[in-house]
Amino acid sequence: MKLAVNIDHIATLRQARAAREPEPILAALLAEQAGASGIVCHLRGDRRHIQERDLKLLRQVIVTKLNLEMAATEEMLKVAREVKPDTVSLVPESPEEITTQGGLEVINQKDHLTSYLQELKKAGIKVSIFVDPLENQLEACQTVGADLVEINTGKYADARNEQERQTNLEEVRQAAAFASHLGLEVHAGHGLDYHNVQPIVDIKEISELSIGFAIVARAAIVGLTQAVKEMLELLQK
Ligand code: PXP
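Throughout what follows, the structure given in this document is the object of discussion. None of the values given here were measured: they were computed from a predicted structure.

**A few points about the overall build of the protein**
Looking only at helices and strands, one finds 11 helices and 8 strands in the protein. Scaling as 2.2 N^0.38, a compact globule of 237 residues should have a C-alpha radius of gyration of about 18 Å, and the protein matches this with 17 Å. For the protein, the C-alpha atoms occupy an extent of roughly 45 × 40 × 35 Å along the three principal directions. With 237 residues in all, the protein has 50% of them scored as buried. In the protein, 66% of the contacts between residues at least 6 apart in sequence involve partners at least 24 apart. Accessible area of the protein: about 11,200 Å², with a carbon and sulfur share of 50%.

**Points about the site of the ligand**
Looking at the ligand, there are 13 residues lining it, with Glu-69, Thr-100, Glu-150, Gly-191 and Gly-212 nearest. In the model, an oxygen atom of the ligand is placed 2.8 Å from a nitrogen or oxygen of the Gly-212 main chain. Taken by itself the ligand offers 400 Å² of open surface, and the protein chains cover 95% of this. Of the residues belonging to the shell around the ligand, the class tally is 4 nonpolar, 6 polar and 3 charged.

**With respect to the sheet that holds strand β6 (residues 148-152)**
Spatially, the 8 strands close up into a barrel ordered β1-β2-β3-β4-β5-β6-β7-β8, and their pairing is parallel. Ignoring strand direction, the axes of neighbouring strands in this sheet form an average angle of 25 degrees. Taken together, the 5 bridges between strand β2 (residues 38-42) and strand β3 (residues 65-70) define a ladder with parallel strand orientation. Residue pairing in the sheet places Ile-39 in a bridge with Leu-66 of β3. Strands β2 and β3 of the sheet are contacted by helix α3 (residues 52-61), whose axis makes an angle of about 160 degrees with β3.

**Description of the nonpolar core**
Core analysis: the largest hydrophobic core is formed by 77 residues, its most contacted members being Leu-90, Leu-120, Ile-200, Leu-209 and Ile-215. Among all residues touching Leu-120, those that are not within four sequence positions of it are Met-70, Leu-77, Ala-80, Val-88, Leu-90, Ile-125 and Val-127.

**Quick look at the packing of aromatic side chains**
A ring pair, where both rings are aromatic, is described by two values, the distance of the centres and the angle of the planes. Per the stated rule, a full pass over the model turns up 0 aromatic pairs. Directly above the ring of Tyr-194 sits Arg-218, whose terminal nitrogen or CZ lies 6.0 Å from the centroid.

Procedures and definitions
- Residues numbered from 1 in each chain as written.
- Predicted model: local features only at pLDDT ≥ 70, side-chain atom pairs only at ≥ 80, totals over all residues.
- Heavy atoms only, no water.
- Helix = DSSP H or I, 4+ residues; strand = E, 2+ residues; numbered from the N terminus.
- Rg over C-alpha atoms; globule rule 2.2 N^0.38 Å.
- Buried < 20%, exposed > 50% of the residue type's maximum accessible area, 1.4 Å probe, protein only.
- Contact = heavy atoms within 4.5 Å.
- Areas by Shrake-Rupley, 256 points an atom, 1.4 Å probe, with all protein chains shown as cover.
- Near = heavy atom within 4 Å.
- Polar contact = N/O pair within 3.5 Å; in protein donor to acceptor, adjacent residues only side chain to side chain.
- Nonpolar A, V, L, I, M, F, W, Y, C, P; charged D, E, K, R; others polar.
- Pairing = 2+ DSSP bridges.
- Axes fitted to C-alpha atoms, helices over the stretch in contact; angles between N-to-C directions.
- Core = buried A, V, L, I, M, F, W, Y, C linked by side-chain atoms within 4.5 Å.
- Phe/Tyr/Trp six-rings, centres within 6.5 Å; stacked < 30°, edge-to-face > 60°.
- Lys NZ or Arg CZ within 6 Å of the ring centre and 35° of its normal.

See below:
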């Protein structure tokens, strides 16, 4: 299982003081050296953490893969065309949310997404859609031309009891099998941490996890290299 490390919250800390530190670029390089297979960052419309400057520098220095999370807007299409990340992950975005709430609603905007994905692909960018574990949404991802899907594990991670956790885990499991059957590459992420990641690692169709907050939070205590290595150990089967 591959690990893509989301470094947004390194930038959150920097923005909290409008300071120069901590430097997200350094964090990305350390994560790569510790074994991460990719670096993820979300350029939000409100620029609350990652800035364009970060994205441009990341593109220049990282040696693994750069995954840009973004909303499917004209503004972001322009940024993506200019920066050319390896992958774009399309996510829903609203200014009030603390973090991404749920997967993208694909069914209701098939026409918009079909042409949007064509534009990204013309620029040589692979496209992922962050999606809830629902068969009709996954089918729509295939219809609009996604190369891969990232299944939202947020509901699984937020479960309030064991029964709910098992139900939500089963949904992720079935969605992963269904997406793979459709010929889509399958990733997963959101809310994963050192305690809840193992059952997701056991899902054979999932090839990569995107993890941010838990790693950055642990890094504040043990350092980023150690935090990434500890997570990678959990990802080895
Ligand atoms: N995947 C997507 C699409 C996300 O929006 C986020 C949060 O930025 C993550 C994964 C990582 O979630 P977390 O920070 O909870 O690990």
